[in-house]
Amino acid sequence: MALIRLLQRRPDGTIILCEPTSGLVPAYAILSHTWEKEEIIFQDMEVNADRSKTTSKAGWRKIRFCADQAAADGLQYFWVDTCCIDKKNAVELGAAINSMFRWYQNAARCYVYLSDVSKPEGADGERAWKEALQISRWFTRGWTLQELIAPRLVDFFSAERQRLGSKLSLAAEIQEATGIPERALQGDALSNFSITERRSWAERRKTTIEEDGAYCMIGICGVAMVLNYGEGRDHAFGRLEKEIHTSYKGMNFEQYTVRFNLSSFPEAAQFVAREKELSKMHELLHGRSSRAAVVLHGLGGIGKTQLAVKYVRRHKEKYTAMFWLNANDEDSLRLSFRGIAQQVLQCHPSAGVLSSVDLEGDLDRVASAVKAWLDLPENAHWLIVYDNYDNPRISGSSNPSTVDIRRYLPESDQGSIIITTRSARVTQGERLHVQKLVGLEDGLKILANMSRRKGIENDADARALVSKLDGLPLALSTAGAYLEHVTTSFAEYLRLYEASWLKLQRTSPTLSSYEDRSLYTTWQVTFDQIRKENAASAQLLKLWAYFDKQDVWFGLLRRACDTDNEWIRKLTEDELNFNEAVRLLCEYGLAHPELSLGQPSRSAGYGVHSCVHSWTMSVLNDEWDNGLVRLALTCVASEVPSKDVDKWWLLQQRLLQHAARYREFIINGSVSTKGMEWALHNLGLLYADQGRLAEAEAMYDRALQGCEEALGAKHTSTLLTVNNLGLLYADQGRLAEAEAMYDRALQGCEEALGAKHTSTLDTVNNLGLLYADQGRLAEAEAMYDRALQGCEEALGAKHTSTLLTVNNLGLLYADQGRLAEAEAMYDRALQGCEEALGAKHTSTLLTVNNLGLLYADQGRLAEAEAMYDRALQGKEEALGAKHRSTLDTVNNLGLLYADQGRLAEAEAMYDRALQGKEEALGAKHTSTLLTVNNLGNLYKNQGRLAEAEAMYDRALQGKEEALGAKHTSTLLTVNNLGNLYKNQGRLAEAEAMYDRALQGKEEALGAKHTSTLLTVNNLGLLYADQGRLAEAEAMYDRALQGYEEALDSQLLPTYLPALNTFFSFGDLYARTDRIDSAREMYSRALAGYTAIQGPSSRWCSKLEDRLQGLQVASAEPNGDQPKSTDIEAPKSRSFRRIFRKLRKSSGAE
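The protein chain is annotated in an unreviewed UniProt entry as Heterokaryon incompatibility domain-containing protein from Clohesyomyces aquaticus.

As structure tokens, this is what we get:
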């Protein structure tokens, strides 16, 4: 590269020309423009030039523009073609033209000055300059092509020196104006574009001097040549062509050039994408001084051959000869070598080593002669593709049908080779694993091209079909070919694909680009080879048909060792046998590791492509194998873990996709489940633990029916399913049905196992939960006490089952307002779970959540938030963001934020919880209705009263249907509706609601329960609004006395319901001129709100105003006193907290 001469802008603003030196070139900017009148030339910038004359020329404004813009970008040096080259010096000019592409390439920034594009002001300004950009003269000139392509950073400026955009931001507009692909504008290497394509970019461009049409392509084509102005355009292009061929093929390339024979190569009409693979192939194959070889390996139908064809077509100018051989077997290889000999002799009839060979004779001699021609010392720039080398000879193999490709490779260390194979064992080159197309758009392009249906990019059915075919080019092409000549919709094709796979494939048109292969036959040869090498691998693939296509691992198949099938038994004897079998499937591309699933390496799973999976079902298992189905079901059901297993939730999530496949088999009657009731039970357990309640119920119902028929209604296995159905009904809010199940299970267990057996105690515990849900708290406590005493005797004080009951007693005490006793229970449960299960176990997190609830009830909001945050983070990691247990904690965080006055954050939490619960549980589930109720509270507090009423009405109606009119959860919403009516001035309706709520709570919870006292306080507020001050005072007295009895004296000052009563009492005392008493109540309320919500909260502000008003009132006794204040009602908490329930899995019998 020639030395570059730069312009420098000095600190004082003067611009000078710097002579080139051999030292390090400083960072510089570079100008691109079209030449006009009065350009600044080299002589204008020489030291002895008249500078005033130079600066008066029209071209000086471009120099100044470039200098100023460079300075703005932190550059003091810049280059402009008009004045940085002495064009009167022919030698310098020639060197500069040969170096110019690299000068632009090395520039820190390139500024394109468009003198014919203006940027007007106003709304239509952008449209106007973009229209002008499309027809700018700059895009029509030959020299500006390299100035566009070479620099990394190119900025476009209008005639007014205003920036229009960059090469990247304007890529779409530039492509439209020039036809240059966007990836070339985005910096893709020029080597990824053929010489023909690069030359096409300049076809419509003009140059002032005709020879410059060729010379401006020197850098674009990556060559150098001597300039010879006057030789004419055609001669210049001829020399350019020769330089290109020489640079790639050597000096004597014509002696070994063989015309590209298109008919000898397969079709590749629907090739898309694969730019990353093509770039890697070019990197490995081109520019080497010795033999270069690439092995393309991957699944059959994945596009290896198409990739090789695309590479050949893109880079054919760089090779003297390109040959395609069929390496499927030795006979095909020999015939391919004869075809090469014929091609060479057509172009070079006197080729010495070939002219004397009888092409119809011994084909081994023909192959040897071709290899000798390829080994000639100066014949070093050929490329050979060995396609379909799918049956390689492995060391130690005596199989005569295998091929040893080494016999057919040229022996000299020269040339380039591509091998396509399904086997990962081929090592005769750098291996490149060809995998499925990742982007959905690439699959849509193939489908659109083959089906000739345009505009399908946003078609939901087309996208679903492409997603199903999972990036396999052969499958996409087959689908497109079928759809081209029929009116079948994409949705209908997908239905046929899933219902009648094999028939659909057999009736699809033959694809010329895939020769004699079809989707249903393409993997048969590979399978036959696998079966010869390892029968266990073949059996594994057949068994895989009855699992999901993804994530099969050794541990999943452990229970298959009891089968009568010799090869499956061998497969599952130990992990080494399994690894050997699956490794062979991976080597032939039929399976692949799925390390991306994030499982530990010791239990990493393997997957098969969805189309291969369909093939295993429809072709490998052309007849349904009920034995293999039951075997696979046994494997899945046996692996369902209990919650005592470390990271049980991860294993359950891995099993879900396999369980879904069996649920489909079971529902449509494809598998006999007689004797497999335990498996159905375990699938029900899996679904229930994952919050999939409808699927769980279906499995439990089938398991129960089978157990009753096979074992009888009172067998312990039957009772186990009865117990778990009770749990499921309770989770669904079907409490009467749940109680019936528990009663049946308890009676049966007591008869069969005794009153103190742990299974009996499990059901006792669950009945306690149910009674608590129904508000039957005394009965619930009796059940818990019985369960706790039995567990401590049978299992010990620190056993997880014992700790479960301890946790549940804590819940009960909290519901009864016995908060100190509740905290003691939670602390015991938390400490025990952390010791036994670890800090992140889901059972531990449930107790953490419940402690958060307790702290919130006690007004310890900072501690509550810390507990919720810990619980939420742990559950999201363990169970996922949409699990019901996770959403319960999200809901509770919403309650906490609302208590803290962080209403926007609270609404976001409620919205997330509501959406998740509606998806997982349904709109009428009691857990969903809890969040609906809480959203009503939030809307009321925000003044959005109509929205609040709609939420309350929905919650009340749903709870009355699910729980009954007197359930405590129903009464909470009744109370909240009373609050709303009071805010709306509908006082009679409000009183009716409060009376109903109070009567119900007194019956269910007792007169001194904190929830009862909440409604007592609200009635006091209502009476005060009605002027019934004596009745209001009685209510406040009752509420405050109840809180003082229920709460520790240290907790009362920050308990939010008590603070509301202090506030209300203060207003009442102020209205009745008891100023000192009012001041005391306001002060107690202010201290509490400040501790909870901070001194800047709106309630603190209101209380400070009240206290200031009392001072005025003391000075002016006749002043007006405040009326009762609409105190923000405390948020209704979940009476159905997150309970740990006892479910037991059933083992295989």
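**Digging into the overall build of the protein chain**
On a plain count of helices and strands, the protein chain comes out with 50 helices and 14 strands. Over its C-alpha trace the protein chain gives a radius of gyration of 41 Å, far above what one expects of a compact globule, namely 32 Å for 1149 residues. Summarising its shape, the C-alpha atoms of the protein chain cover approximately 115 × 95 × 55 Å along the three principal directions. Of all 1149 residues assigned to the protein chain, the portion counted as buried reaches 58%. Taking the intrachain contacts of the protein chain between residues at least 6 apart in sequence as the baseline, contacts between residues at least 24 apart amount to 67%. For the protein chain, the computed accessible surface area is about 46,800 Å², with 48% contributed by carbon and sulfur atoms. A gap of 4 Å separates the mean positions of the 132 positive and 153 negative side-chain charges of the protein chain.

**Looking at the pattern of salt bridges**
Enumeration over the complete set of coordinates arrives at 72 salt bridges. The residue Arg-314 makes a salt bridge to Glu-275 at a minimum N-O spacing of 3.0 Å. Residue Arg-314 is found in helix 14 (residues 304-314), and its partner Glu-275 is found in helix 13 (residues 275-285); the two are separated by 39 residues along the sequence. Look at Glu-275 and you get partly exposed, because its relative accessible area is 24%. A salt bridge links Arg-654 to Asp-551; the shortest N-O distance between them is 2.7 Å. With Arg-654 in helix 29 (residues 648-667) and Asp-551 in the loop between helix 24 (535-544) and helix 25 (566-571), the pair connects residues that are 103 residues apart, well separated along the chain. Here Arg-654 and Asp-551 have matching classes, each one buried. When salt bridges that share partners are traced, they join Glu-330, Asp-331, Arg-334, Asp-364 and Arg-407 into one network.

**Looking at the environment of Met-676**
When you line up the elements, Met-676 lands in the loop between helix 29 and helix 30 (677-689). For Met-676, a relative accessible area of 5% puts it in the buried group. Sequence separation between Met-676 and Gly-768 is 92 residues; the distance between their C-alpha atoms is 32 Å.

**With respect to the sheet that holds strand 7 (residues 163-166)**
Read across the sheet, seven strands follow the order 2-1-4-3-5-6-7 without closing on themselves; strand pairing throughout is mixed. Both outer strands of the open sheet, strand 2 (15-18) and strand 7, are each paired with one neighbouring strand and no more. On average, each strand axis in the sheet is tilted by 30 degrees relative to the strand beside it, whichever way the strands run. Note that strand 6 (residues 154-157) and strand 7 share three bridges and pair antiparallel. Bridge pairing in strand 7 links Asp-155 to Ser-166.

**A closer look at the packing of aromatic side chains**
For the structure shown, the criterion picks out 26 aromatic pairs. Between Phe-65 and Tyr-111 the ring centres are 6.3 Å apart and the planes differ by 65 degrees, which places this aromatic pair in the edge-to-face class. Placement of Phe-65 in helix 2 (residues 60-72) and of Tyr-111 in strand 5 (residues 109-113) is noted, with a sequence separation of 46 residues between them. You'll find Phe-65 and Tyr-111 in the same group, each marked buried. Here Tyr-546 and Trp-624 contribute two aromatic rings whose centre-to-centre distance is 5.2 Å and whose plane-to-plane angle is 80 degrees, an arrangement assigned as edge-to-face.

**Quick notes on the nonpolar core**
Across soluble globular proteins, nonpolar side chains show a tendency to be buried alongside one another. Trp-544 and Phe-547 are the most contacted members of the largest nonpolar core, which totals 232 residues. Here the element with the most residues in this core is helix 48 (residues 1056-1071); it accounts for nine residues. Once residues lying within four places of it in the same chain are set aside, the contact partners of Phe-547 are Val-552, Leu-556, Leu-557, His-613, Ala-632, Cys-635, Val-636, His-658 and Arg-661. Formed by 81 residues, the second largest nonpolar core is a distinct cluster that contains Ala-70, Cys-110, Ile-195 and Ala-202.

Analysis parameters
Each chain carries its own residue numbering, running from 1 in the direction its sequence is written. Where local features are concerned, this predicted model is filtered to residues with pLDDT of at least 70; where side-chain atom pairs are given and counted, the filter is 80 or more; whole-chain, interface and lining totals use all residues. Think of the side-chain values as coming from all heavy atoms in the structure, minus any hydrogens and water. Going along the chain from the N terminus, every DSSP run of H or I of four or more residues is numbered as a helix, and every run of E of two or more is numbered as a strand. Computation of the radius of gyration draws on C-alpha atoms, with the globule rule given as 2.2 Å multiplied by the number of residues to the power 0.38. To sort residues, take the accessible area from a 1.4 Å probe on protein chains only and compare it with the maximum for the residue type: under 20% means buried, over 50% means exposed, and anything in between is partly exposed. For this analysis, residues touch if any pair of their heavy atoms sits within 4.5 Å. Surface accessibility follows the Shrake-Rupley procedure with a 1.4 Å probe radius. Residue values consider only the protein chains on display as shielding. The charged-residue count follows a simple rule in which Lys and Arg add positive charge and Asp and Glu add negative charge, with His and chain termini not counted at all. One atom stands in for each charge, and that atom is NZ of Lys, CZ of Arg, CG of Asp or CD of Glu. Only one rule defines a salt bridge in this text: a Lys or Arg side-chain nitrogen within 4 Å of an Asp or Glu carboxyl oxygen. Pairing between strands is defined by DSSP: at least two bridges between the two strands are required. All axes here are fitted lines through C-alpha atoms, helices being fitted over the stretch that makes contact, and every angle between N-to-C directions spans 0 to 180 degrees. Think of it this way: a Phe, Tyr or Trp ring, Trp meaning its six-membered ring, pairs with another when their centres are within 6.5 Å, and the plane angle makes it stacked under 30 degrees, edge-to-face over 60, tilted otherwise. To qualify as a nonpolar core, a set must consist of buried Ala, Val, Leu, Ile, Met, Phe, Trp, Tyr and Cys residues joined through side-chain atoms within 4.5 Å.

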